[in-house]
Structure formats: C-alpha cells, structure tokens
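Here is how the chains run, residue by residue.
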Amino acid sequence: MPFEEGYTHLFGDDNLVIHRDGSGFVSQDLYLHGFFSASIKLPADYTAGVVVAFYMSNGDTYERNHDEIDFEFLGNIRGKDWRIQTNIYGNGSTSAGREERYSLWFDPAEDFHQYSILWTDSQIIFYVDNVPIREVKRTEAMGGDFPSKPMSLYVTIWDGSDWATNGGKYRVNYKYAPYVAEFSGLVLHGCTVDPIERLSRCDQDVSFRLIPTGISSKQRNQMGGIRKKHMTYSYCYDQARYKVPPPECVMSPKEAEHLRVFDPVTFGGSRRPRSSRHHRARASRVDAATSILI
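- With an unreviewed UniProt entry as reference, the protein is termed Xyloglucan endotransglucosylase/hydrolase, source organism Punica granatum.
- As stated in UniProt under Function (unreviewed entry), the record for the protein gives "Catalyzes xyloglucan endohydrolysis (XEH) and/or endotransglycosylation (XET). Cleaves and religates xyloglucan polymers, an essential constituent of the primary cell wall, and thereby participates in cell wall construction of growing tissues."
- As recorded by UniProt, the Sequence similarities (unreviewed entry) comment attached to the protein reads in full: "Belongs to the glycosyl hydrolase 16 family."

## Focus on a negative patch on the surface
Argument step 1. Together, Asp 81, Asp 107, Glu 110 and Asp 111 line one region of the surface with negative charge.
Argument step 2. Looking at the secondary structure, you find Glu 110 in the loop between strand 6 (100-103) and strand 7 (113-119).

## Looking at the state of the cysteines
Argument step 1. Evaluation of the coordinates by the stated rule reveals 1 disulfide.
Argument step 2. In this model, Cys 236 is linked to Cys 249 through a disulfide, with the two sulfur atoms separated by 2.0 Å. Note on the Cys 236 and Cys 249 pair: the S-S dihedral is about -85°, so by sign convention the disulfide is left-handed. Linking Cys 236 in the loop between strand 12 (231-234) and helix 3 (253-262) with Cys 249 in the loop between strand 12 and helix 3, this pair joins segments that are 13 residues apart in sequence. Side by side, Cys 236 and Cys 249 carry an identical accessibility label, which is buried.

## Comments concerning the side chain of Glu 248
Argument step 1. Within the secondary structure, Glu 248 is located in the loop between strand 12 and helix 3.
Argument step 2. A polar contact is formed between the side chain of Glu 248 and the side chain of Arg 98, at a distance of 2.7 Å.
Argument step 3. Beyond its immediate stretch of four places on either side in the chain, Glu 248 contacts Arg 98, Thr 139, Ala 141, Met 142 and Tyr 235.

## Quick look at the confidence of the model for the protein
Argument step 1. Per-residue confidence for the protein gives a mean pLDDT of 84; residues scoring 70 or more make up 80%.
Argument step 2. Across residues 19-24, confidence stays below pLDDT 50; counting only partners more than four residues off in sequence or on other chains, it has 17 contacts.

## A few points about the UniProt feature "active site" (unreviewed entry) in the protein
Argument step 1. Per the UniProt record, "active site" (unreviewed entry) is annotated on Glu 68 and Glu 72.
Argument step 2. The topology assignment puts Glu 68 in strand 4 (residues 68-74).
Argument step 3. At 3.1 Å, the side chain of Glu 68 forms a polar contact with the side chain of His 66.
Argument step 4. Along the chain, Glu 72 turns up in strand 4.

## Considerations on the sheet that holds strand 10 (residues 152-159)
Argument step 1. Across the sheet, which stays open at both edges, the 6 strands sit in the order 10-3-4-5-6-12 with antiparallel pairing between neighbours. Only two strands of the sheet have a single partner each, and these edge strands are strand 10 and strand 12. Direction aside, the axes of adjacent strands within the sheet are offset by 15° on average.
Argument step 2. Two elements, strand 3 (residues 50-57) and strand 10, share 8 bridges in a ladder whose sense is antiparallel. Directly across from Val 50, in strand 10, lies its bridge partner Asp 159.

## Digging into helix 2 (residues 217-230)
Argument step 1. Here helix 2 is 14 residues long and its end C-alpha atoms lie 20 Å apart, about the 20 Å a rise of 1.5 Å per residue gives.
Argument step 2. Among all positions in helix 2, only Gln 219, Met 223, Ile 226, Arg 227 and His 230 are buried. One side of helix 2 carries all its buried residues, which in axial view fall inside an arc of 95°. Facing away from the buried side of helix 2 by more than 90 degrees, the exposed set consists of Ser 217, Lys 218, Asn 221, Lys 228 and Lys 229.
Argument step 3. For helix 2, the secondary structure elements touched by its buried residues are strand 6, strand 8 (123-128), strand 9 (131-137), strand 12 and helix 3.

## A few points about the pattern of salt bridges
Argument step 1. If you walk through the whole model with that rule in mind, you get 11 salt bridges.
Argument step 2. For the salt bridge of Arg 134 with Glu 100, the shortest nitrogen-to-oxygen distance reads 3.6 Å. Of this pair, Arg 134 sits in strand 9 while Glu 100 sits in strand 6, and the two are 34 residues apart along the sequence.
Argument step 3. On the basis of relative accessible area, Glu 100 is assigned to the buried category, the value being 5%.
Argument step 4. The salt bridge partner of Glu 255 is Arg 227, with a shortest N-O separation of 2.6 Å. On the criterion of sequence distance, the pair formed by Glu 255 in helix 3 and Arg 227 in helix 2 is long-range, its members being 28 residues apart.
Argument step 5. Given a relative accessible area of 13%, Glu 255 falls into the buried group.

Scoring rules and cut-offs
- Residues numbered from 1 in each chain as written.
- Predicted model: local features only at pLDDT ≥ 70, side-chain atom pairs only at ≥ 80, totals over all residues.
- Heavy atoms only, no water.
- UniProt positions renumbered as here; feature names shortened; annotations may be inferred.
- Patch = residues over 30% accessible without salt bridge, like charges linked within 9 Å, V, L, I, M, F, W, Y side chains within 5 Å.
- Areas by Shrake-Rupley, 256 points an atom, 1.4 Å probe, with all protein chains shown as cover.
- Salt bridge = Lys/Arg side-chain N within 4 Å of Asp/Glu carboxyl O.
- Lys, Arg positive; Asp, Glu negative; His and termini not counted.
- Charge placed at Lys NZ, Arg CZ, Asp CG, Glu CD.
- Helix = DSSP H or I, 4+ residues; strand = E, 2+ residues; numbered from the N terminus.
- Disulfide = S-S within 2.5 Å.
- Buried < 20%, exposed > 50% of the residue type's maximum accessible area, 1.4 Å probe, protein only.
- Polar contact = N/O pair within 3.5 Å; in protein donor to acceptor, adjacent residues only side chain to side chain.
- Contact = heavy atoms within 4.5 Å.
- pLDDT = per-residue confidence, 0-100.
- Pairing = 2+ DSSP bridges.
- Axes fitted to C-alpha atoms, helices over the stretch in contact; angles between N-to-C directions.
- Expected span 1.5 Å × (residues − 1).
- Arc of directions from axis to C-beta.

Below, the structure written as structure tokens:
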C-alpha cells in the first residue's frame, strides 16, 4: 500500500522521509481486530534512551479509557543490545501494565526483521519474523483490561531517556545523532471501522478470513524455546510488584526458574522496591535528531 493511501503524517515535519513506495505512521482507518506487521531496521551504535514504537492505540479518541497494544524497542549503550518490550492496556488500565521484555537473537540494526501483531476478540499474539513470542488470551478475570475498542496503527521514534535504558540511568546522547529507524513492508490487514458510526466492515471483507487465527503446534514449540532463552521480564512473575500474580496469568515453572536465575531480586521473592520506571504515556513530538525512513 502506498504511503498516501493508508497513512497520515503524525509529527516531526522534517524527520519523515518517504523512500520509494512505503507505509506510514498513523493509519487513516480505525481497525477492530486484524493482523498488523512491519519490517523494521533499528538505529545502530549508541542508542541509549531511544524508543522506537510500533503500536495500536485509541488514545486520541478515548483519553481516559484508551486501549493499546505495544511493540516497543528500547535502545542501549554501545556494546549492549536492543531490547523488545510488549504490553497491552484496556480501558485505560495503565496502572496494571502487562509488560514483557526480551533480548534478541540477532542484531536488529544490521538488517530488516518483521514484527507483527495479531489481535482478535479472544487473543493477542506478538510475532518476530513470523515466530510467536507472546500470546495473551482474553479471560473473564481480565474484564475490560483486554483491548476491545477500535484502534489506529502508529509508528513513532522518540526520546525516552527517563525510563527506557536501565530505568533512566543512560539517556539519549545527541552526539550520536541522527537516530534513524527504517520501515518497509508495513501491513494493515484488519477489520476497518466507520469512524462516525463505529460499525465494523468485517463482514464485507472476504480477505479478513485469511488472517491467522491461532498458533500451530510447531509455532508453540518455537515460542516456548524463545521465551525460555530470551525473555528477561514478565509482570506475571514479578514478586516485588505483585504479592499474588494477576488472575489472568498462567504460570510456567520453566519460565519462573529462568527469570529467577536472571534476576533473583525481582523474581525470587525479595520485597526490595523496583527502581525502573514503567512507561505510561506517549511523547507528543519527535526530537529533531530522531528520524524515520520509509
């Protein structure tokens, strides 16, 4: 889809560069469920404090009870790797963020890799290169915390110095600017919604039936291996944050043991308060030294 057909310029007037036919940064349509994907190449070298986000949100429409589904890429100091953070909010439940973070098994600044979100009325699945890394199933216990209202697709790059790298210990250093994120192959394969009547057009779209509906046995095995090796944080196992895991959590002894070895303070039962700060809101602008190339 050419940029001008599917997307609208969001912010950062001089920092958005259209390179050939591409895809954009806030979708013109609202979607209720679907498959959303982008091939992304992240900035290289010193990237501490830099946040690249590929996410769905309706914060502009529902300011106090918005929904959100996040892929956030968190930069790092030289010699340390980028990290992925996934998260969901429903009905403005920002005080109960459901974060998970992962290391990567490749250099995301060296080449393009595909990052995808599947969102249905019963589950949310996050994929990296078509391999699932996280599945969130809708449960009765979650109530309205499961994203359920129409959302737009956003892509942003911004200064998250206050929280993104070691809880704000390392900030953006603009002597390494410009920080350029490159995007291609952005897919909007979802159920569009009339912005005025809020009515779904899914029934009129035969191609909507082609969207994945779940995880195969092979994919589930792949997901288990990635989570075992590369997951570095999950809110379900954070004993410093929750005395009792949130009710929707399905605990895995293998994941618990992996995280305990990785961080015994957070996942081993210590009550020492967490020093990291969890992200709660989006930046309102793109700094002049952060750019996106499509």
